[in-house]
Each structure stands twice: as structure tokens, then as C-alpha cells.
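# Structural overview
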Amino acid sequence: YYIGIEETGYYGIASTVASILLMLIGAGMNVLRPIIYENLKLGNRKKQINNLTFKFITGLFVCAILLSLATPYLYKYMINEKFHVSITTTYPLIFGLFFLGMFNYFISFLMYQKRNKIIGIVTIFGIIINFILNYYLIKQYGMIGAAYATFTTYFAIGIFVIIINLLTPISYSISE
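Analysis parameters
Residues numbered from 1 in each chain as written. Predicted model: local features only at pLDDT ≥ 70, side-chain atom pairs only at ≥ 80, totals over all residues. Heavy atoms only, no water. Helix = DSSP H or I, 4+ residues; strand = E, 2+ residues; numbered from the N terminus. Expected span 1.5 Å × (residues − 1). Bend = angle between axes of the 7 residues up to and from the residue. Axes fitted to C-alpha atoms, helices over the stretch in contact; angles between N-to-C directions. Parallel < 35°, antiparallel > 145°, perpendicular 65-115°, else oblique. Left-handed = near helix turned anticlockwise from the far one by under 90°. Nonpolar A, V, L, I, M, F, W, Y, C, P; charged D, E, K, R; others polar. Core = buried A, V, L, I, M, F, W, Y, C linked by side-chain atoms within 4.5 Å. Buried < 20%, exposed > 50% of the residue type's maximum accessible area, 1.4 Å probe, protein only. Contact = heavy atoms within 4.5 Å.

### Let's talk about helix 3 (residues 87-112)
In this model, helix 3 (26 residues) spans 38 Å end to end at C-alpha, consistent with the 38 Å of a helix rising 1.5 Å per residue. At Phe 106, helix 3 is deflected by roughly 25°, the largest bend along its length. Count one or two residues on from helix 3 and you reach Lys 114, which has phi positive near 55°.

### Here we look at the packing of helix 4 (residues 116-141) against helix 5 (residues 143-167)
The description of two helices packed together rests on the angle between their axes and the distance between the axes. Closest axis-to-axis distance for the helix 4/helix 5 pair is 8 Å, and the angle between their directions is 155°. Taken together, the axes of helix 4 and helix 5 are roughly antiparallel relative to one another. Where helix 4 crosses over helix 5, the two elements pack in a sense that is right-handed. Classifying every residue of the contact of helix 4 with helix 5 by side-chain character gives 18 nonpolar, seven polar and no charged.

### Quick word on the nonpolar core
Formed by 39 residues in total, the largest nonpolar core has its most connected members in Leu 21 and Tyr 105. Among the elements of the structure, helix 1 (4-42), helix 2 (46-78), helix 3, helix 4 and helix 5 are those that each provide at least two residues to this core. Element by element, the count of residues in this core is highest for helix 3, at 14 residues. Residues in contact with Leu 21, not counting those within four places in the same chain, are Leu 60, Cys 63, Ala 64, Leu 67, Ile 94, Leu 97 and Phe 98.

### Considerations on the packing of helix 3 against helix 5
Direction vectors running N to C along helix 3 and helix 5 enclose 20°, while the axes themselves pass 8 Å from each other. As judged from the angle between their axes, helix 3 and helix 5 are roughly parallel. As for the relative orientation of helix 3 and helix 5, their crossing is left-handed in sense. The residue makeup of the contact of helix 3 with helix 5, split by class, is 24 nonpolar, six polar and no charged.

### A word on the side chain of Asn 165
Relative to the elements of secondary structure, Asn 165 occurs in helix 5. The exposure class of Asn 165 is buried, given its relative accessible area of 13%. Ignoring anything within four residues of it in the chain, the contact list for Asn 165 reads Phe 106, Phe 109 and Leu 110.

### Some points on helix 2
Taken as a whole, helix 2 carries its principal kink of about 40° at Ala 70; the proline Pro 72 stands between one and four residues after it. Among all positions in helix 2, only Ile 49, Leu 52, Thr 53, Phe 56, Leu 60, Ala 64, Leu 67, Ser 68, Thr 71, Leu 74 and Tyr 75 are buried.

### Looking at the environment of Gly 96
Summarising the element assignment, Gly 96 is placed in helix 3. Exposure remark for Gly 96: the relative accessible area of 0% places this residue in the buried category. If near-sequence neighbours (up to four positions away) are discounted, Gly 96 is found in contact with Phe 151 and Tyr 154.

Okay, here's the thing in C-alpha cells:
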């Protein structure tokens, strides 16, 4: 509505490239969430959980960097030249997805503890932030404003969930 169908199409291409990381996050969480739950069920496995957390965040960061480095080549060899204007939009989306990946990882602990109210609050908080930021940033900056809104939203909910997990001790052996 604010920037037209052409820039919306460009944003869609940038989002598709960044979504490569989203696919990796989804696959990773399908593997890691049962491991997290098993460690929580066994109790007193803080070292294993901390090790898994470090490996996940490091791996996710490396994947984000590699995708960022590969982006110019993906555009050059796989995307029509008329869409190359969207390449700069891809980077904030990639690093926004890095924080969404951290959100997905750390939300696992809240899911295990059945803290659905907190999950709902964080999610609604993210929706509200995203609507507000999109409204102002798209009007101000166009297509890149939408990417900044997405990055900021994912950063906020990712950091918020990490803080919640840091402030509340892990409850082990909750019945499933």
C-alpha cells in the first residue's frame, strides 16, 4: 500500500533468500527440541544444556554469516537481474532471522515448562512492535524500512525470551 507492488515484489525476493536460514532453523529445532526436553526431563543437566545452547547459537551465527556471504552469488547466478535492487534488503532479514532462531531455541524451555501465557505475551508484543515499526519505517524508508522492522521485531522478541530464561531458573523433570 505504501510502496507499491514493485517494491513488494523486491522485498519478496529478499525474503525468499533470507528464508534459507529459516529452513535451517526449522530443521534444527526439529532435532534439538527433543534433545532439550530429554535433558530437562533427566534433571540437573545444566552443563549439557549450556553446551547445546552454545553450539546452536554459534552454528546459527555461522550459517547467517555464510548466507550473507553467499547472497551476492545467489543473486548473480539464480535471480533475475531486475531484482538485484533488493540485495541490500536481504541482510537485515538474514540477521533478523538469526534472532528469530534464538527465540525459537529459548522458547523451547518455556514450552517445556508450559508457560504458555508468557509465550503468548511475547508473541503479541512482537506483533504489536512489527505493526508499529512497519507503519512508520515503510513510510519513511520504503522496502528497507520493512526489513528493519522485521529485524527489530525479531531482535526484540529474541532478546526478551533470553532475558526471561536468564531470570527464571530451569525447572527440571516437569511431567509431560
